[in-house]
Amino acid sequence: MHSIRAALILFMSLAACASPAAIPTQQQSSPIAIATWPFGKIGTERAIEELQRGGTPIDAVEQGVRAVEKISPDRSVGLGGQPNAAGYVQLDACIMDGKTCGAGSVAGLEGIVHPISAARRVMEDTKHVMLVGEGARWFALSKGLESIDVSELPAKKQSWQVAAQKPATPTGHDTVTLLVLGKDGDLAGGCSTSGMAGKLPGRVGDSPILGAGLFVDNEVGAAGATGVGENVMRHCATFAVVERMRQGMHPQQACEATLHAIAKKDPRGYRLNLCLLALDKQGRVGAATTDEPFPYAVTAQGKSEVRTARPIAPR
Ligand code: SD4
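Residues numbered from 1 in each chain as written. Predicted model: local features only at pLDDT ≥ 70, side-chain atom pairs only at ≥ 80, totals over all residues. Heavy atoms only, no water.

Let's shift gears to the sheet that holds strand β10 (residues 285-289). Judged by pairing direction, the sheet is antiparallel, and its 4 strands sit side by side in the order β7-β8-β9-β10 without closing on themselves. Each edge of the sheet is formed by a strand with only one pairing partner; in this case those strands are β7 (214-217) and β10. Averaged over all adjacent pairs, the angle separating strand axes in this sheet is 10°, with direction ignored. Inspection of the sheet shows β7 paired to strand β8 (residues 221-227) by 4 bridges, in the antiparallel sense. When the bridges of β8 are listed, V216 appears paired with A222. Here helix α9 (residues 237-246) sits on the sheet and contacts β7, β8 and β9 (274-280); the angle it forms with β8, its principal contact strand, is near 145°. Helix-sheet contacts for helix α10 (residues 251-265) involve β9 and β10, and the interaxial angle to β10 is about 25°. (Pairing = 2+ DSSP bridges. Helix = DSSP H or I, 4+ residues; strand = E, 2+ residues; numbered from the N terminus. Axes fitted to C-alpha atoms, helices over the stretch in contact; angles between N-to-C directions. Contact = heavy atoms within 4.5 Å.)

In structure tokens, the structure reads:
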């Protein structure tokens, strides 16, 4: 019985990934890129530029996120990002290609300048989806990715026991999640973060977890999350947003309905510090947040702007 069910589920997922008939191949969309937080505009603009140069949506995502990682605005993303409780930076990132159903992810990565490129290399050059810690760093170095010397880190790592006694407190915003729709209707997304400030060494957040910090389905749309990763991961929030869009919801409705559904069952109610962003196959945008205003960047049709989602009213 179980094996029949497993075979059916496998068949359905393969059909969802492989069926070109379900994806209108000639669809012409107007390219659009959206990203978390005002500094995401650096990424959306770079992504659209990459599409204009003939890059694919996945190229656009990689280049857009790299632009943010490089500058590390607001000590937010990349090696200039927020240190963990022991005082050093551990980075998480993932990338997902709607067209190929491909995905790659890295977590707890140290000393690599562009984690998003490491994630892309995982997606394209390995049979795996996720690499963590030392292995992820070794892999990134083996691919020639830019790095810094982390030889001073072992000394800092000695302080992990002290760090373990300190609760991780979210301060500031430290994640870029970038969603891109190309002119052929293909979607891609990427996410990069130094993670929650003051996290315990070794803590992995939602950002590199597919279905939590990011999810892309080329038939439907893409969704990204930012905020307290634990509250995203426990509810597979971006997977839930995409599934709601599949059922016919507008991205805005899908983001709001997902937050309401989570708040309804979570003992924390609406005090989740959770923000969701979504882009559907038609280029429609949604964004919703629980407790705090959520500014996000949009670049389309030659213009960029920062829009702000207000906290949803509790039901
Ligand atoms: C994390 N979700 O590591 C990230 C943090 C974040 O704006 O998004 N901050 O939990």
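Let us look at the sheet that holds strand β3 (residues 102-109). By definition, the strands of a sheet pair up through backbone hydrogen bonds, in either a parallel or an antiparallel sense. A sheet is described by the order of its strands in space; here 8 strands give the open sequence β4-β3-β2-β6-β5-β1-β11-β12, paired in mixed fashion. At either margin of the open sheet sits one strand with a lone partner, and together these are β4 (130-132) and β12 (303-309). The average angle at which neighbouring strand axes cross in this sheet is 10°, direction not considered. Two strands pair when backbone bridges link them, and strand β1 (residues 32-36) and strand β5 (residues 175-181) are joined in this way by 4 bridges, in the antiparallel orientation. From the neighbouring strand, A35 faces β5, where its bridge partner is L178. Sheet strands touched by helix α5 (residues 133-142): β3 and β4. Its angle to β4, the strand with the most contacts, is close to 105°.

A side chain with one charge can pair with a side chain of the opposite charge if their charged atoms come near. Throughout the structure, instances matching the rule amount to 19 salt bridges. The partner of D266 in a salt bridge is R234, and the shortest N-O contact between them spans 2.9 Å. Placement of D266 in the loop between α10 and β9 and of R234 in the loop between α8 (229-233) and α9 is noted, with a sequence separation of 32 residues between them. Classification of D266 by relative accessible area gives buried; the value is 4%. Exposure remark for R234: the relative accessible area of 42% places this residue in the partly exposed category. One salt bridge in this structure joins R268 and D266, with 2.9 Å as the shortest N-O distance. Residue classification places R268 among the partly exposed residues on the basis of a relative accessible area of 42%. Taken together, the shared-partner salt bridges in this structure form one network comprising D59, E62, R120, R121, E124, D125 and K143. (Salt bridge = Lys/Arg side-chain N within 4 Å of Asp/Glu carboxyl O. Buried < 20%, exposed > 50% of the residue type's maximum accessible area, 1.4 Å probe, protein only.)

To continue, consider the side chain of D97. Secondary-structure assignment places D97 in strand β2 (residues 91-97). The side chain of D97 is buried and forms no salt bridge, while R120, the nearest opposite charge, is found at 6.8 Å. At 3.1 Å, the side chain of D97 and the backbone nitrogen of K99 are in polar contact. Side-chain polar atoms of D97 contact the side chain of T100, separated by 3.3 Å. (Lys, Arg positive; Asp, Glu negative; His and termini not counted. Polar contact = N/O pair within 3.5 Å; in protein donor to acceptor, adjacent residues only side chain to side chain.)

Surveying the vicinity of the ligand reveals 13 residues, the closest of which are D174, T175, R203, D206 and T226. Here an oxygen atom of the ligand sits 2.7 Å away from a polar atom, N or O, in the side chain of R203. At a separation of 2.7 Å, a nitrogen atom of the ligand approaches a polar backbone atom of G227. Calculation on the ligand without its partners gives an accessible area of 290 Å², and the protein chains cover 98% of this total. (Near = heavy atom within 4 Å. Areas by Shrake-Rupley, 256 points an atom, 1.4 Å probe, with all protein chains shown as cover.)

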